[in-house]
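Survey of secondary and tertiary structure
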Amino acid sequence: QVQLVESGGGLVQAGGSLRLSCAASGRAFSRISMGWFRQAPGKEREFVAALSWRGFTYYADSVKGRVTISRDNAENTATLKMNSLKPEDTAVYYCAADTSLYYRGSYSPGSFESWGQGTQVTVSS
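What counts and how
- Residues numbered from 1 in each chain as written.
- Predicted model: local features only at pLDDT ≥ 70, side-chain atom pairs only at ≥ 80, totals over all residues.
- Heavy atoms only, no water.
- Phe/Tyr/Trp six-rings, centres within 6.5 Å; stacked < 30°, edge-to-face > 60°.
- Helix = DSSP H or I, 4+ residues; strand = E, 2+ residues; numbered from the N terminus.
- Buried < 20%, exposed > 50% of the residue type's maximum accessible area, 1.4 Å probe, protein only.
- Lys NZ or Arg CZ within 6 Å of the ring centre and 35° of its normal.
- Contact = heavy atoms within 4.5 Å.
- Polar contact = N/O pair within 3.5 Å; in protein donor to acceptor, adjacent residues only side chain to side chain.

1. A short note on the packing of aromatic side chains
How two aromatic rings sit relative to each other is set out by the distance from centre to centre and by the angle between their planes. Going through the model one piece at a time under the given rule, you end up with eight aromatic pairs. Their ring planes at 80° and their centres at 5.6 Å tell us that Phe-37 and Phe-47 sit as a pair that is edge-to-face. One end of the pair, Phe-37, is in strand β4 (residues 33-39); the other, Phe-47, is in strand β5 (residues 46-51), and 10 residues separate them in sequence. Side by side, Phe-37 and Phe-47 carry an identical accessibility label, which is buried. Where Tyr-94 meets Trp-115, the ring centres are 6.5 Å apart and the plane angle is 75°; that geometry is what we call edge-to-face. Taken together, the residues Tyr-94 in strand β9 (residues 91-98) and Trp-115 in strand β10 (residues 114-115) connect sequence positions 21 residues apart. Relative accessible area serves as the criterion here: at 25%, Trp-115 is assigned to the partly exposed category. Ring-pair connections join several aromatic residues into one group, and the members of that group are Phe-37, Phe-47, Tyr-58, Tyr-94, Tyr-103, Tyr-107, Phe-112 and Trp-115. A cation over an aromatic ring shows up here: Arg-45 above the ring of Tyr-94, its NZ or CZ 3.8 Å from the ring centre. Just above the ring of Trp-115 sits the side chain of Arg-45; from NZ or CZ to the centre is 4.8 Å.

2. Details of the environment of Trp-115
Separated by 38 residues in the primary sequence, Trp-115 and Thr-77 have C-alpha atoms spaced 14 Å apart. For Trp-115, the contacting residues outside a window of four places in its chain are Leu-4, Phe-37, Arg-45, Tyr-94, Cys-95, Ala-96 and Pro-109. A polar atom in the side chain of Trp-115 sits 3.2 Å from the backbone oxygen of Phe-112.

3. Things to note about the side chain of Ser-52
One can find Ser-52 in the loop between β5 and β6 (57-59). Ignoring anything within four residues of it in the chain, the contact list for Ser-52 reads Ser-33, Tyr-58, Arg-71 and Tyr-103.

This is the structure:
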């Protein structure tokens, strides 16, 4: 199991930026594929972005061009940089880990076996 702790959420005006971080522990981080998901009230958890352990990136169409996922294997952290935020980006954001070494860009939450507790992002109009 991987332990994940998110940070960096908050309140921001539309058009602003936020950087979310996810600190991982418990497994060799360089061999873990990391994902970010979000869940708004009354909605299902949805895929935002992922970065495989091999370095391939995947983005949801709704955030493509506004969001960048990155990782620092030396610091065991994954980062989600979000620009040009919109009110519809408001949600609880979760980081997730896939340790299978077989991650190929699935958008399904079921592909990830470890989850953080979530961090709230609120974008005001």
